[in-house]
Amino acid sequence: MPGFAASAIKDLRGRGVAAARQLNYRPMEIFTLKGKSAAVTGAGRGIGKATADLLEKAGANVARIDVDPAPGILAADVSKEESVEKVFRQVGPVDILVNNAGIAVRKTALDITVAEWEQVLAVNLTGLFLCSRVAARGMKEKGGGAIVNLASIMGFSGGLFPNPAYQASKGAVVNLTRALALEFAEAGIRVNAVAPTFVRTDLTTPIFGNPEVLKKVMEHTPLGVLPEVEDIAAAILFLAGPAARCITGVTLPVDSGYLAR
Ligand SMILES: NC(=O)c1ccc[n+]([C@@H]2O[C@H](COP(=O)([O-])OP(=O)(O)OC[C@H]3O[C@@H](n4cnc5c(N)ncnc54)[C@H](O)[C@@H]3O)[C@@H](O)[C@H]2O)c1
């Protein structure tokens, strides 16, 4: 009974068949964010900055949040609940949230202090959770939205170099992405993640600055070329926009083949 199925989908969600038909599936239309508002955390540099720039080029009005104050940046520490609440009061409800702020303390499990361990988890995991739930409240009022998290290939593998706090935090991001996707689906909020391989930013200076280490990375890079920050931003744009309207709970590797082995 195709008629029944179509109307049931429409009635259940109010954004089913009719909404799909509103999309003309022209590249310019399925990748546009015209009229949308977005917040990007860790937008001061690296992947966050490239993402904020690209979302803006796609037509979104972008609030750039970072712990390091700078012109054009709203200062907030995502690991602190009060700070998150305050900055989102300033920003107001958004259609798109990119949880990008992240740190690493590259020490072995035997060497890392508990304070360092907790700081990595506080920013990479708790910060993402705090921003997601504050933003989700506003998205609920708006009738929907999209959250894109920065996971990592280290969320799916033990990695190439000892970095246990980071690997643990990113593994948790992969599964929190699924949990939030299920919890927020009813409200029309999609939650996805991207999992980059090594990308040249301030975070990876110790990797890219050491030819021996970089050689090992390239041995795990089947495509023979590593993504740039813009390549990660492109995947985030896809997941944030109408082209991905039926995608939720997934983590998309942008890894030049690292995880294919
Ligand atoms: N570069 C990579 O190879 C790579 C690979 C996989 C995943 N990632 C993830 O991508 C994200 C961005 O990484 P990047 O390489 O651009 O790093 P980066 O160090 O260049 O930039 C991180 C940004 O986050 C901000 N930040 C740090 N702590 C914060 C806090 N508590 N509150 C608000 N902002 C904070 C920093 O000030 C900085 O502007 C991170 O989540 C990282 O784990 C990066």
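Predicted model, so just to flag it, every value in this text is computed and none were measured.

(A) The arrangement of the confidence of the model for the protein in detail. Within the protein, residue pLDDT values average 94, and 93% of them lie at 70 or more. Scored below 50 in pLDDT, residues 1–10 makes 6 contacts in the model with residues more than four places away or belonging to other chains.

(B) Structural view of the packing of helix α4 (residues 46–57) against helix α10 (residues 229–240). Contact geometry for α4 and α10: axes closest at 8 Å, N-to-C directions at 50°. Overall, the two elements α4 and α10 adopt an arrangement that is oblique. In the packing of α4 onto α10, the handedness of the crossing is right-handed. Here α4 contributes Gly 46, Ile 47, Ala 50, Thr 51, Leu 54 and Leu 55 to the contact with α10, which in turn contributes Val 229, Glu 230, Ile 232, Ala 233, Ala 234, Ile 236, Leu 237 and Ala 240. For the contact of α4 with α10, the residue count by class is 11 nonpolar, 2 polar and 1 charged.

(C) Molecular detail of the site of the ligand. Taken together, 28 residues surround the ligand, and among them Gly 42, Gly 44, Gly 46, Gly 102 and Thr 201 come closest. Elements supplying a minimum of two residues to the shell around the ligand: α4 and α6 (114–142). The biggest single contributor to the shell around the ligand is α4, with 3 residues. Classifying every residue of the shell around the ligand gives 11 nonpolar, 12 polar and 5 charged.

Thresholds, definitions, all that
- Residues numbered from 1 in each chain as written.
- Predicted model: local features only at pLDDT ≥ 70, side-chain atom pairs only at ≥ 80, totals over all residues.
- pLDDT = per-residue confidence, 0-100.
- Contact = placed C-beta atoms within 7 Å.
- Axes fitted to C-alpha atoms, helices over the stretch in contact; angles between N-to-C directions.
- Helix = DSSP H or I, 4+ residues; strand = E, 2+ residues; numbered from the N terminus.
- Parallel < 35°, antiparallel > 145°, perpendicular 65-115°, else oblique.
- Left-handed = near helix turned anticlockwise from the far one by under 90°.
- Nonpolar A, V, L, I, M, F, W, Y, C, P; charged D, E, K, R; others polar.
- Near = placed C-beta within 6 Å.

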